[in-house]
Every structure is written in C-alpha cells, then in structure tokens.
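What follows is each chain in one-letter form.
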Amino acid sequence: MFTTQLVGLFNQLDEFQLEDAARLLSQALVGDGRIYIYAKDEMAAVSAEALYGKESLSRISPLFEEGTLAQLDSADRVFLLSRDSDDEEMVAIAEQMSEQNMSVVGLTASHRNEGKRQWTDLVDIHLDLGVTNSLVPTDTGDRMGYPASLLAMYTYFCLYLLISEILSEI
C-alpha cells in the first residue's frame, strides 16, 4: 500500500515546474554564481545530499554557516526546503531573500494552511510535493509513513539530472 501511494505521489510531480526550477538554479552555475541551500527538519537530508553526496551539484553551499547568512549577490540562486509552507522561520528567510531580490526555488511537502502567511508566496518557483498525511492507515485509525523527505530526495535527483543536462548543452 505504501509503495502504491508513494508512486502515485511521484507521478503527481509537475515536470514543467521541475524544468523551470532546474533552469533557474542552472543560471547560477552557467554564470559566476553559486546555489545556496537551506533545508529544515527532515528536508535536511536533501541538503546533505546536495552538499556532500556522490553526485552533489557544483558550486553549491549552505545558506547559513555557523548561523551566519552567506554573502549573496545577484548571480546566486537559493534553494529552500521545508515540510510546511507556513513555517515561520522559512517565512522570515524568504522575506529576507525577497528584500535582497534573490531568485529562489522553494520546496514543501504540505499544502497551505488557510489564514497563515506562506513563505512559498515569496519564491520564484514552488515545488509542492502535495503530502498532507502519512500514507498507510493503521488498525487504530491513525496513519503512518509520511514520505516528505523521500519525495524531496527524489525531487532533488530530478533537479540534479535536469541541471546536469542543461549544463552539458552549454
């Protein structure tokens, strides 16, 4: 059941949004910029892969080093990831990126909560994984198996492959 529902979520990812996100992030690598990444909670798995994995992106750096925001310029791009689109810390970071006119790709797992400020409204491209609940019902009526980090990792590899393809054509 978990695998079937997970495959359904994989198939719901918007390929056009992925391509747009890859193009936006590639702009930094084609020029003199860097990609800066910040991922919160379980999404930090993507940050670790992007920064230290076997197939990490070139010229990618953490957005924060020892709690200090990196020095950004207009050639740079930012990739922000969190479970929730209304995460208050992410709202503050996205506002700061907006004030600096930075180009930002955002990725979240959950849908919007009405009435709360959404950091994803402040980014150029939002990749919404569409995971609102865990996938597998239990005998008690609860659910388990929340695949946010798994879907985010899959999305990262899709972006990695698209970015590599874009860079190979230049």
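No experiment lies behind these values; they were computed from the predicted model shown. Starting from 1, residues in each chain are numbered consecutively following that chain's sequence as written. Only residues with pLDDT of at least 70 get local features here, since the model is predicted, and only at 80 or more are side-chain atom pairs given and counted; chain-wide, interface and lining totals rely on the full set of residues. Only hydrogens and water are set aside; all other atoms, that is, all heavy atoms of the structure, feed into the side-chain values.

**Student:** Explain the side chain of serine 134 to me, and be specific about the residues and the numbers.
**Tutor:** Only DSSP runs of H or I reaching four residues or more are called helices, and only runs of E reaching two or more are called strands; each is numbered from the N terminus. Looking at the element boundaries, serine 134 is found in the loop between β7 (125-128) and β8 (136-137). For the exposure calls, accessible area comes from a 1.4 Å probe over protein chains only, and a residue counts as buried if that area is under 20% of its type's maximum, exposed if over 50%, partly exposed in between. Exposure remark for serine 134: the relative accessible area of 18% places this residue in the buried category. Filtering out sequence-adjacent residues up to four positions away, serine 134 remains in contact with Arg143, Met144, Gly145 and Tyr146. In this description, contact between two residues means that some pair of their heavy atoms is separated by no more than 4.5 Å.

**Student:** Tell me about the sheet that holds strand β2 (residues 60-62), and please be specific about residues and values.
**Tutor:** Two pairing modes exist for strands in a sheet, parallel and antiparallel, and in both the strands are linked by backbone hydrogen bonds. In this description, strands pair whenever DSSP reports at least two bridges between them. Pairing is parallel in the open sheet, where five strands are placed in the order β2-β1-β5-β6-β7. The sheet is open, and its two borders are formed by β2 and β7, each paired with just one other strand. Neighbour to neighbour, the strand axes of the sheet diverge by 20° on average, direction disregarded. As judged from the five bridges shared by strand β1 (residues 35-39) and strand β5 (residues 77-82), these two strands associate in the parallel manner. The residue bridging tyrosine 38 from the neighbouring strand is leucine 80, located in β5. Only the contacting stretch of a helix is used when fitting its axis, a line to C-alpha atoms as for every element, and angles between N-to-C directions run 0 to 180 degrees.

**Student:** Let's hear about helix α5 (residues 148-168): which residues, and what values?
**Tutor:** Multiply 1.5 Å by the residue count of a helix minus one, and that product is the helix's expected span. Given a rise of 1.5 Å per residue, 21 residues ought to cover 30 Å, and the 30 Å separating the end C-alpha atoms of α5 matches this to within 8%. Lining the buried residues of α5 we find α1 (2-12), α2 (15-30), α3 (44-52), β5, β6 (103-108) and β7.

**Student:** Tell me about the environment of glycine 115, residues and numbers included.
**Tutor:** Within the fold, glycine 115 resides in the loop between β6 and β7. Here the alpha-carbon distance between glycine 115 and aspartate 86, two residues 29 residues apart in the chain, equals 9.6 Å.

**Student:** For the packing of α1 against α5, give the residues involved together with the corresponding values.
**Tutor:** Running from amino to carboxyl end, α1 crosses α5 at an angle of 40°, the nearest separation of the two axes being 11 Å. The pairing of α1 with α5 is recorded here as oblique in orientation. Here α1 runs over α5; the crossing is right-handed. Residues Leu6, Leu9 and Phe10 of α1 touch α5, and the partners they reach there are Leu150, Leu151 and Tyr154. Gly counts as polar in this scheme, as do all residues outside two lists: the nonpolar Ala, Val, Leu, Ile, Met, Phe, Trp, Tyr, Cys and Pro, and the charged Asp, Glu, Lys and Arg. Tallied by class, residues from the contact of α1 with α5 come to six nonpolar, no polar and no charged. For this classification, under 35 degrees means roughly parallel, over 145 means roughly antiparallel, 65 to 115 means roughly perpendicular, and everything else is oblique. Crossings are sorted by hand: turned counterclockwise from the far helix by less than a right angle, the near helix makes the crossing left-handed, and turned clockwise it makes it right-handed.

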